[in-house]
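Geometric and topological summary
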Amino acid sequence: MKIPVLYYHKIDFPKKNAVYKGLYVTPGRFKKQMTLLKILGYSSIKPEDLLSFIKGDKPGVKKPVLITFDDGYKNNFINARPILKNLGFTSLIFISTGFIGKKRSISDERESIPEDFLDEKEIKLMHDDGFSVGSHGINHCYLDRLEEGVLMDELIASKVYLENMLKTGIDFFSYPFGSYNLDVISAVKRAGYLGAFTTVKGKVGIGDSAYEFKRISVNGYNTIFNFLYKIIFLQ
Ligand SMILES: [Zn+2]
């Protein structure tokens, strides 16, 4: 058995001039996808459960799925949270701490449309709901291009910031732009994280590395059939 880890970005209608329209999944589609998971008997698990699973522990539920969001957009709170809560699902949200409460664009030259990001209150409310929070760095950088000191700061300062805010350990990381290499993995370990998520396509199996968790991207172009294929047939 393998466990699907889904990842989303924005749950919203695409902005008119957005370059990456695929990053938007409309609330209607998201609701259909989550409802389908429910009907098929899936239960959302926590990242800690995934750690136990790769070490060989049996998952506590029959059909586990881990639902993740990258970047920490405000629309996750407004549009995704009520849908997830209604269906009894939780998720794991990766926050870039330099964006908290701000309206700006991710540091990618190709996309200049600003987005609203979650503020501290919203992050706390989701955490209170039982959602897990992980770090996505501070400034959403390509970590493999940074020098050692800056890299460690991205990893440690973001972790400490979220830990102080939520009064809990922040044990999981997601690589911004999916970019990492062996040096980055080693730094993530030294920073004290227990696991990290990539954008490498696939499900998570027993024996996989905790610092290279594969995920399945769900984008705005996916129909419900594409979604079903990803959940059931994709390995
Ligand atoms: Zn990101």
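Quick summary incoming for the structure in this document. (Residues numbered from 1 in each chain as written. Predicted model: local features only at pLDDT ≥ 70, side-chain atom pairs only at ≥ 80, totals over all residues. Heavy atoms only, no water.)

**Structural notes on the overall build of the protein chain**
- For the protein chain, the helix and strand inventory stands at seven helices and 12 strands.
- Taking 235 residues into account, the globule formula puts the C-alpha radius of gyration at 18 Å, and the protein chain, at 17 Å, falls close to it.
- By principal-axis analysis of the C-alpha atoms, the protein chain measures approximately 45 × 45 × 30 Å.
- Counting over 235 residues, the protein chain shows a buried share of 52%.
- Across the protein chain, contacts joining residues at least 24 apart in sequence account for 67% of those joining residues at least 6 apart. (Helix = DSSP H or I, 4+ residues; strand = E, 2+ residues; numbered from the N terminus. Rg over C-alpha atoms; globule rule 2.2 N^0.38 Å. Buried < 20%, exposed > 50% of the residue type's maximum accessible area, 1.4 Å probe, protein only. Contact = heavy atoms within 4.5 Å.)

**Looking at a nonpolar patch on the surface**
- On the surface, Y229, I232 and F233 cluster together into a nonpolar patch covering about 330 Å² of accessible area.
- Here Y229 is to be found in helix α7 (residues 224–232).
- Y229 sits in the partly exposed class, given a relative accessible area of 47%. (Patch = residues over 30% accessible without salt bridge, like charges linked within 9 Å, V, L, I, M, F, W, Y side chains within 5 Å. Areas by Shrake-Rupley, 256 points an atom, 1.4 Å probe, with all protein chains shown as cover. Salt bridge = Lys/Arg side-chain N within 4 Å of Asp/Glu carboxyl O.)

**Overview of the nonpolar core**
- By size, the foremost hydrophobic cluster in this structure holds 66 residues, and its most contacted members are L6, Y8, F30, M34, L37, L155 and Y175.
- With six residues, the single largest contributor to this core is helix α5 (residues 148–166).
- Residues in contact with L155, not counting those within four places in the same chain, are L143, F173, A187, V188, A191 and Y193. (Core = buried A, V, L, I, M, F, W, Y, C linked by side-chain atoms within 4.5 Å.)

**Some words on the pairing of strand β1 (residues 5–8)**
- Neither face of β1 is exposed, since V5 and Y7 on one face and L6 and Y8 on the opposite face are all buried.
- With four bridges joining them, β1 and strand β5 (residues 64–71) adopt parallel strand pairing. Its bridge partner lying in β5, V5 is registered against L66.
- Here β1 pairs with strand β12 (residues 213–217) via two bridges, running parallel. Looking across to β12, one finds that L6 is bridged to I216. (Pairing = 2+ DSSP bridges.)

**Let's talk about unusual backbone geometry**
- Of note, the phi angle at D71 is positive, near 90 degrees, even though the residue is not glycine.
- In this fold, D71 is placed in strand β5.
- For D71, a relative accessible area of 5% gives the class buried.
- The backbone phi angle of K167 is positive, close to 55 degrees, even though this residue is not glycine.
- Looking at the secondary structure, you find K167 in the loop between α5 and β10 (172–174).

**Quick look at helix α3 (residues 74–87)**
- Helix length check: α3 (14 residues) gives 20 Å between terminal C-alpha atoms against 20 Å at 1.5 Å per residue, within 8%.
- At A80, α3 is bent by approximately 45 degrees, the largest bend along its length, and proline P82 sits one to four residues beyond.
- Regarding α3, the residues found buried are N75, N76, F77, N79, A80, R81, I83, L84 and L87.
- In the segment just after α3, G88 is the residue with positive phi, at about 75 degrees. (Expected span 1.5 Å × (residues − 1). Bend = angle between axes of the 7 residues up to and from the residue.)

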